[in-house]
Amino acid sequence: MRLYRWGISAALGGLVFGYQLGVISGALLSIRRELGLSAVAQGVLVSALPLAAMAGSLLAGRLADALGRRPTLMIGAGVFLVGTGLSVLAPGYAVLVASRAIVGLAVGLVSSAVPLYLSEIAPPAVRGRLVTLQQLAITLGILVSSCVDLAFASAGSWRAMFAVGLLPAGALLVAMLRAPETPAWLDAHGRDDEARELLRLVAGEDEVERLLAELRRTHEQRTRQLGVRELPRSDARPALVIGVTLAAVQQLCGINAIVAYAPTIMERTGLSAAGSIRSAVAIGALNVAVTVVSVRLVDRLGRRPMLLVSLAGMLVSLTLLGFALEMAPGPSQGWLALAAILAFVASFAAGIGPIAWLLIAEIFPAQARAAGAGVSTATLWLTNFAVGLAFLPVVAAIGAGPTFWVFAVVCALGLAFVARYVPETKGRSFSEIDAELRERWGQRAGAVLRAS
Ligand code: BGC
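Bear in mind that the values here come from a model prediction, so they are computed numbers and not experimental data.

Chemist: What should I look at first to understand the overall build of the protein in this one?
Modeler: Along the backbone of the protein there are 19 helices and zero strands. Computed over the C-alpha atoms, the radius of gyration of the protein is 22 Å, within 12% of the 22 Å expected from 2.2 N^0.38 for a compact globule of 452 residues. With the principal axes as the frame, the protein shows a C-alpha extent of 65 × 50 × 45 Å. Here the protein holds 452 residues, and 56% of them are scored as buried. The long-range share in the protein, meaning contacts at least 24 apart out of those at least 6 apart in sequence, stands at 82%. Summed over all atoms, the accessible surface of the protein reaches about 17800 Å², with 67% contributed by carbon and sulfur. With 37 positive and 27 negative side-chain charges, the protein shows a separation of 6 Å between the mean positions of the two kinds.

Encoded structure:
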């Protein structure tokens, strides 16, 4: 079916940047050896990507409004190819860092534009499924990167590890050449005939006029596309609070620190890690498997129940992991830590992993969607960077156990936030979501305005 073909085309973006996120851990082992890098130099190399991704996400909002969602994705794919090519050929450290920053810029562009594209191309009934395809692609990209790292590890060929990233980036570019612009963008730019034709293709003849009327309804309320700076003072403020908070919780719960740290934890607890890259493959496979289930369930169960179960599961598993690390070393400690890590990854994949991206793309009103998704995605990369920077120093300062309890507190706060503020968006049109947000937040926002 055409809709899924276009959905998969855009979701390739997740494969591209999932690969880039994962490949560095294996590549770093040989880069470190070959270039003789200090800990600080390695830190700079790793953090170039999330920092540049933050800038890329903000830029994506502007490009996606001005040029369209599809050209933004294509530009992202082009920047990926340039950045990746440069990292394959990098003659030394400085160029390597620059190339990772260029790749980061592309990660920002693509990670912000893919959910936007998918949420706008999908009819409401399958929007969850289509947008969460991105997370499935991200987890696949990470898994493939650990396998590639494993394959090239003994040869130490980090250039080959990076080079493989050219394939999904090229595939994204080619696939998007054959995919259409979204109906919402076309309609908002006066190209209603094209929008109508596209709606006919994705939803069928009977639905066209109703869906077009839906688009118009958000259209009428719209004056013009809002910029990033206008968001906090606009009607989009509740959506902004939700998008930014979910993005921050998705990272501040420690997913990347825990996945990266898992082999060390396993070694500390006496269970052999059987090679750090190999345990990354196992965790990556679990992440993919549970995400497959989430993609299938998200339009049936709804976003809220899945988020609540996910955050509760993460809260419990992080608390247990903290206890395990405080216990005396031994087999029972090892098994408890292992079970807690697996339960944590499965809980992440069952909710906040895919659904943070989904809500970021569906919660904003039309006039603020691109800018809002951009700011929320930039927050995701900022907090990703912050956890990467702070994790090891915090472990050194307060110990590993208490550090995981800090992550557990983030999950508890996230749980309370979702329970109180996040609306159910399953099966709803964008204008219905907008109406529910106004209702849920209307009084509260009014109270804030009166008080100020
Ligand atoms: C997160 C990444 C994470 C990945 C793991 C994504 O949704 O944004 O930070 O590494 O999921 O599955």
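Having seen it, we continue.
Chemist: How should empty space enclosed by the protein be read in this particular structure?
Modeler: The gaps of empty space that remain are located by a probe, the size of a water molecule, rolled over the atoms. Taken as a whole, this structure holds two cavities of 30 Å³ or more when the rule is applied. There is about 200 Å³ of room inside the largest cavity. Along its surface, the largest cavity is lined by 18 residues, and Ala122, Pro124, Leu211, Leu215 and Phe430 are the ones closest to its centre. Contributing elements (two or more residues each) for the lining of the largest cavity: helix 4 (93-121), helix 8 (183-188), helix 9 (192-203), helix 10 (208-221) and helix 19 (430-451). No other element matches the four residues that helix 10 contributes to the lining of the largest cavity. Residue composition of the lining of the largest cavity, grouped by class: 11 nonpolar, four polar and three charged.

Chemist: Before we go on, may I ask you to explain the site of the ligand in this structure?
Modeler: The environment of the ligand is made up of Gln135, Thr139, Ile142, Gln250, Gln251, Asn256, Asn287, Phe348, Gly353, Trp357, Leu380 and Asn384. In this structure, an oxygen atom belonging to the ligand sits 2.8 Å away from a side-chain N or O atom of Gln250. In this structure, an oxygen atom belonging to the ligand sits 2.7 Å away from a side-chain N or O atom of Asn287. In isolation the ligand offers 310 Å² of accessible surface; the protein chains occlude 97% of this area. Put simply, the parts of the chain that give the shell around the ligand at least two residues each are helix 5 (127-153), helix 11 (237-252), helix 16 (352-362) and helix 17 (369-398). No other element matches helix 5, which puts three residues into the shell around the ligand. For the shell around the ligand, a count of residues per class yields four nonpolar, eight polar and no charged.

Chemist: What's the story with a nonpolar patch on the surface in this structure? I'm lost.
Modeler: A cluster of nonpolar side chains, namely Val316, Leu320 and Phe323, defines an oily patch on the protein surface of about 270 Å² accessible area. Residue placement: Val316 occurs in helix 14 (residues 303-326).

Chemist: Help me understand the packing of aromatic side chains, please; the structure alone is not making it clear to me.
Modeler: In this description, a pair of aromatic rings is defined by centroid distance and the angle of the planes. For the structure on display, the rule yields 10 aromatic pairs. Judged by centre distance (6.1 Å) and plane angle (55°), the ring pair of Phe17 and Trp357 falls under tilted. Here Phe17 is found in helix 1 (residues 2-35), whereas its partner Trp357 is found in helix 16, with 340 residues between them in sequence. You can call Trp357 buried: its relative accessible area is 4%. Taken together, a centroid distance of 6.0 Å and an interplanar angle of 75° make the contact between Trp158 and Phe162 edge-to-face. With Trp158 and Phe162 both in helix 6 (residues 158-163) and four residues apart, this pair spans about one turn of that helix. On the basis of relative accessibility, which here comes to 1%, the residue Phe162 falls in the buried class. Three or more aromatic residues link up through ring pairs in this structure, and these residues are Tyr261, Phe391, Phe404 and Phe407. If you follow Arg127 out to its NZ or CZ, it ends over the ring of Phe430, 4.9 Å from the centre. Arg369 extends its terminal NZ or CZ atom over the ring of Phe430, reaching a point 3.8 Å from the ring centre.

Chemist: Explain the pattern of salt bridges here, please?
Modeler: Where side chains of opposite charge bring their charged atoms close, a pairing between them can arise. Scanning all chains against the criterion turns up 14 salt bridges. A salt bridge links Arg200 to Glu197; the shortest N-O distance between them is 2.8 Å. In this pair, Arg200 and Glu197 are both assigned in helix 9, three residues apart and thus about one turn of the helix distant. For Glu207, the salt bridge goes to Arg210, with nearest N and O atoms at 2.6 Å. Look at Glu207 and you get partly exposed, because its relative accessible area is 28%. One network of salt bridges, in which partners are shared, links Asp65, Arg69, Glu120 and Arg369.

Chemist: How do you make sense of the side chain of Glu436 when you look at a structure like this?
Modeler: Of note, Glu436 is situated in helix 19. With sequence-adjacent residues up to four places away left out, Glu436 is seen in contact with Pro423, Glu424 and Arg428.

Chemist: Is there a simple way to explain the nonpolar core in this structure?
Modeler: In terms of nonpolar packing, the biggest core is built from 117 residues, with Phe80, Tyr117, Ile352 and Phe404 touching the most fellow members. At 11 residues, helix 4 tops the list of elements feeding residues into this core. Aside from chain neighbours lying at most four places away, what touches Phe404 is Ile258, Tyr261, Ile265, Leu318, Leu321, Gly322, Leu325 and Phe391.

Rules used throughout
- All chains use their own residue numbering, which begins from 1 and follows the written sequence.
- Residues qualify for local features only when their pLDDT is at least 70, as the model is predicted, and side-chain atom pairs are given and counted only at 80 or more; totals for whole chains, interfaces and linings, by contrast, use all residues.
- For the side-chain quantities, the full set of heavy atoms in the structure was used; hydrogens and water were omitted.
- Helix and strand assignments follow DSSP, with helices taken as H or I runs no shorter than four residues and strands as E runs no shorter than two, numbered in order from the N terminus.
- Radius of gyration: over C-alpha atoms. The globule rule applied is 2.2 Å multiplied by the number of residues raised to the 0.38 power.
- We call a residue buried when its accessible area falls under 20% of the maximum for its residue type, exposed when it is over 50%, and partly exposed in between, using a 1.4 Å probe and counting protein chains only.
- When checking whether two residues touch, look at their non-hydrogen atoms; a contact exists if any pair is within 4.5 Å.
- Note on areas: Shrake-Rupley with a 1.4 Å probe; residue coverage comes only from the protein chains shown.
- Charge convention: Lys and Arg are scored as positive, Asp and Glu as negative, and His as well as the terminal groups of each chain are ignored.
- For the purpose of locating charges, the reference atoms are NZ of Lys, CZ of Arg, CG of Asp and CD of Glu.
- The pocket and cavity definitions rest on a 1 Å grid over protein atoms only: a 1.4 Å probe that fits but cannot leave marks a cavity, an open set with protein on both sides within 12 Å along at least five of seven lines marks a pocket, and residues lining either have an atom within 4 Å of a point.
- Grid points are joined across faces, edges and corners, and a volume is the space filled by probe spheres set on the points.
- Residues are grouped as follows: Ala, Val, Leu, Ile, Met, Phe, Trp, Tyr, Cys and Pro are nonpolar; Asp, Glu, Lys and Arg are charged; every other residue, Gly included, is polar.
- A cutoff of 4 Å decides nearness: a residue is near a molecule or strand if any of its heavy atoms lies inside that distance of it.
- Whenever two N or O atoms come within 3.5 Å, that pair is a polar contact, provided that in protein one can donate a hydrogen and the other can accept it, and provided that, for residues adjacent in sequence, both atoms are side-chain atoms.
- Patches here are clusters of residues that have more than 30% relative accessible area and form no salt bridge, with a 9 Å joining cutoff for like charges and a 5 Å cutoff for nonpolar side chains (Val, Leu, Ile, Met, Phe, Trp, Tyr).
- Think of a salt bridge as a Lys or Arg side-chain nitrogen and an Asp or Glu carboxyl oxygen that are within 4 Å of each other.
- For this analysis, a ring pair means two rings from Phe, Tyr or Trp (six-membered ring only for Trp) whose centres lie within 6.5 Å, classed as stacked if their planes differ by under 30 degrees, edge-to-face if by over 60, and tilted for the remaining angles.
- Consider the ring centre and the ring normal. A charge sits over the ring if Lys NZ or Arg CZ is within 6 Å of that centre and within 35 degrees of that normal.
- What is meant by a nonpolar core is a set of buried Ala, Val, Leu, Ile, Met, Phe, Trp, Tyr and Cys residues, joined one to another through side-chain atoms within 4.5 Å.

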